[in-house]
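Notes for the structure review
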Amino acid sequence: MISNQTAPTVIIGAGIIGAALAFELQQAGKQVVLVDKGEPGKGASFGNMASIAVTEFMPASRPHTWLKVPGWVLDPEGPVRFRPSYMPKLAPWLMRFLWAGRPQKVRELEDAGMVLCKRVYDDFLPMLDKIGMRNALSEQGCLSLYASEAEFKADRDHLNMIERMGIKSPVLNQAQLQALEPAISNQIQKAVLFPLNKSISNPYLLVKTLIQQVEKLGGRVEKGNVVGFEIQDGKVSSVHLKNKPFIACSEVIIAAGAYTARLSALLDESIPLETERGYHTQIQQSGVELKHSLIWPAKAFMVTPTAGGIRIGGSVEMAGLDADPDFKRAKILVKRAKIALPTLNTTNAQEWMGHRPALPDTVPVMSRSEKMPNVFYSSGHGHLGLTYCATAAKLMTDLIVNQPNAIDMRPYRCGRW
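Please read all numbers here as calculations on a predicted model, not as lab measurements. (Residues numbered from 1 in each chain as written. Predicted model: local features only at pLDDT ≥ 70, side-chain atom pairs only at ≥ 80, totals over all residues. Heavy atoms only, no water.)

**A few points about the overall build of the protein chain**
Short version of the rule: Runs of E in the DSSP output that reach at least two residues are strands. Runs of H or I that reach at least four are helices, and both are numbered from the N terminus. Based on C-alpha atoms, the radius of gyration is set beside the globule rule, defined as 2.2 Å times the residue count to the power 0.38. The contact definition used throughout considers only heavy atoms, calling two residues in contact when any of these lie within 4.5 Å. All accessible-area figures derive from a Shrake-Rupley calculation using a 1.4 Å probe, and residue coverage is judged against the displayed protein chains alone.
For the protein chain, the helix and strand inventory stands at 13 helices and 18 strands. At 21 Å, the protein chain has a C-alpha radius of gyration in line with the 22 Å of a compact globule built from 417 residues. Intrachain contacts of the protein chain at a sequence separation of at least 6 include 77% that bridge at least 24 residues. Just so you have it, the protein chain exposes about 17700 Å², and 53% of that area is on carbon and sulfur atoms.

Structure, rendered in structure tokens:
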């Protein structure tokens, strides 16, 4: 049997969080085995909105969010959709979500996200350079659209938070907006430019490239479904795959996105992680030329030029990991996008659904297990997996190799509930 000292580090989850961490750990001298039940990068990382969204760390739950929940439940086209059959199972998570929005808590959660976002490019750009993908990052940022002064005022809480972060975000009038993006409808009265919210030309290619680099450094990928762990002397000594040999390990990092809670339960460790089911529509011949990504807060969608076309996504569906997709959610987003982009051609369109990992307070878990000293978690990054990937990889590597962390990691601990 391989000794615990010479066994590899096993990372469960080969999406953008796991791939970036594997790359960082291999460079730090660890031998990594990446385990995923599917093809690497084909989960939530395949269909994300390709955005480095450094302004989007605001906790989803706010002091008055509870007032909106009845409307969300009743509105089939609302920004958040709850499947009635899933509500009993969702209820404990939903209560934690609403509790996270109390006034005395919100600023603390904003600060936890802000600390990560402030260092994103310090970590992300060197990672891109090392793997030869710096040119995959756009030069342009993101435009936040407003059809009326009322919509602009409704987004003031978000804009104030960005100002507090120190990001300069100019307000554009209609003429300035049209000069930047002529395809945008004249129904849009103003916009705010987020110059740091750049995008990636192909997020799936980014994951594939990271994994290729991991393999070049001596790591490997193992396809398999994790069904258990062997415990020896109070530590995980091997990972069990269904119908495959055990994988001996020195450490285990669970970076399995929306499936993390199922795996932590095998270690008798409860993490209140749900799935926000996200939808996108990829259009390859859209008839629209865009330089910037777009968000329309009042309509709850985003448009990004990526993967050889444009991608329309957004919205949230709470229905668990096992329910069939409801692609009406994707069609709603396209319908709204056509208001902002009236010449949009949707003939050649492909719909997709994936599982974002959602924690009640919108702050990721990046910590050592409180049950097993050689188990770590990096999950719950929500809509910001791509944004946080290099930063999470740096912080987790320091934690795993027992180096001092550059920031206070207590806000991200797995037992904070």
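Back to the text.
**Focus on empty space enclosed by the protein**
Here is the rule: Using a grid of 1 Å spacing that covers the protein atoms alone, one calls a set of points a cavity when a 1.4 Å probe fits there but cannot get out, and a pocket when the set is open and has protein on both sides within 12 Å along at least five of seven lines; lining residues are those with an atom within 4 Å of a point. Grid points are joined across faces, edges and corners, and a volume is the space filled by probe spheres set on the points. Under the scheme applied, nonpolar residues are Ala, Val, Leu, Ile, Met, Phe, Trp, Tyr, Cys and Pro; charged residues are Asp, Glu, Lys and Arg; polar residues are all the others, including Gly.
All chains considered together, the criterion is met by one cavity of 30 Å³ or more. In this structure, the largest cavity encloses a volume near 60 Å³. Along the walls of the largest cavity sit A20, F23, E24, D123, P126, M127, K130, A390, A393 and K394, which together make up its complete lining. When residues in the lining of the largest cavity are grouped by element, the largest group, four residues, is from helix 6 (residues 120-131). Looking at the lining of the largest cavity, its residues break down into six nonpolar, no polar and four charged.

**Re the nonpolar core**
Using the following cut-off: Grouping buried Ala, Val, Leu, Ile, Met, Phe, Trp, Tyr and Cys residues that are joined through side-chain atoms within 4.5 Å yields what is termed a nonpolar core. Partly exposed residues are those whose accessible area sits between 20% and 50% of the maximum for their type, while under 20% is buried and over 50% is exposed, using a 1.4 Å probe and protein chains only.
Core analysis: the largest hydrophobic core is formed by 69 residues, its most contacted members being I11, I52, F124, M127, L206 and L210. If you tally residues by element for this core, the top one is helix 13 (residues 385-400), at 10 residues. Filtering out sequence-adjacent residues up to four positions away, M127 remains in contact with A20, F23, L206, L210, C389 and A390. By size, the runner-up hydrophobic cluster in this structure holds 25 residues, among which are V10, F229, L359 and V365.

**Description of the pairing of strand 12 (residues 274-283)**
Stated precisely, the cut-off is as follows: Two strands are said to pair when DSSP picks up at least two bridges between them.
Of all 10 residues making up strand 12, 10 are buried, and the element is well covered by its neighbours. Burial along strand 12 is two-sided: E274, E276, G278, H280 and Q282 and T275, R277, Y279, T281 and I283, pointing in opposite directions, are all buried. In the sheet, strand 12 pairs with strand 16 (residues 349-358) via 10 bridges, with the strands oriented antiparallel. Its bridge partner being in strand 16, H280 is matched across the sheet by W352.

**A word on the environment of V80**
Mapping V80 onto the fold places it in strand 3 (residues 80-82). Linking V80 and A22, residues 58 residues apart in sequence, is a C-alpha distance of 33 Å. Not counting chain neighbours up to four residues away, the residues in contact with V80 comprise W72, V316, M318 and R329.

**Considerations on the pattern of salt bridges**
Note the following rule: For salt bridges, the criterion is a side-chain nitrogen of Lys or Arg within 4 Å of an Asp or Glu carboxyl oxygen.
Counted according to the given criterion, the structure contains 23 salt bridges. With a shortest N-O distance of 2.8 Å, E108 and K105 are connected by a salt bridge. Residue E108 and its partner K105 are both found in helix 5 (residues 103-118); the two are separated by three residues, about one turn of the helix. Through salt bridges that share partners, R62, R107, E110, D111, D157 and R164 make up one connected network.

**Some thoughts on the side chain of K190**
For the record, the criterion: Polar contacts, as counted here, are pairs of nitrogen or oxygen atoms within 3.5 Å of one another; within protein the pair requires one atom able to donate a hydrogen and one able to accept it, and residues that are adjacent in sequence qualify only if both atoms are side-chain atoms.
Relative to the helices and strands, K190 is located in strand 6 (residues 190-194). In terms of polar contacts, K190 uses its side chain to reach the side chain of E149, at 3.1 Å.

**What about the sheet that holds strand 8 (residues 226-232)?**
Read from one edge of the open sheet, three strands run 8-9-10, paired in antiparallel fashion. Each edge of the open sheet carries a strand with a single partner, namely strand 8 and strand 10 (247-248). Of the pairings in the sheet, the one linking strand 8 to strand 9 (residues 235-241) comprises six bridges and is antiparallel in character. Bridge pairing in strand 9 links G228 to H240.

**Remarks on the packing of aromatic side chains**
Worth spelling out the cut-off: Ring pairs are drawn from Phe, Tyr and Trp, using the six-membered ring of Trp, whenever the two centres fall within 6.5 Å, and their geometry is named by plane angle: stacked under 30 degrees, edge-to-face over 60, tilted for the rest. Only when the NZ of Lys or the CZ of Arg is both within 6 Å of the ring centre and within 35 degrees of the ring normal is a charge said to sit over the ring.
Enumeration over the complete set of coordinates arrives at five aromatic pairs. Judged by centre distance (5.3 Å) and plane angle (70 degrees), the ring pair of F46 and Y204 falls under edge-to-face. Here the residue F46 occupies a position in helix 2 (residues 44-47), and Y204 occupies one in helix 10 (residues 203-216), the gap between them amounting to 158 residues. When the centroid spacing of 5.3 Å and the interplanar angle of 85 degrees are considered together, the rings of Y146 and F152 count as edge-to-face. Residue class for F152 comes out buried when judged on its relative accessible area of 9%. Sitting over the ring of Y259, K37 keeps its end group 3.7 Å from the ring centre. Positioned above the aromatic ring of F46, the side-chain terminus of K42 is 5.3 Å from the ring centre.

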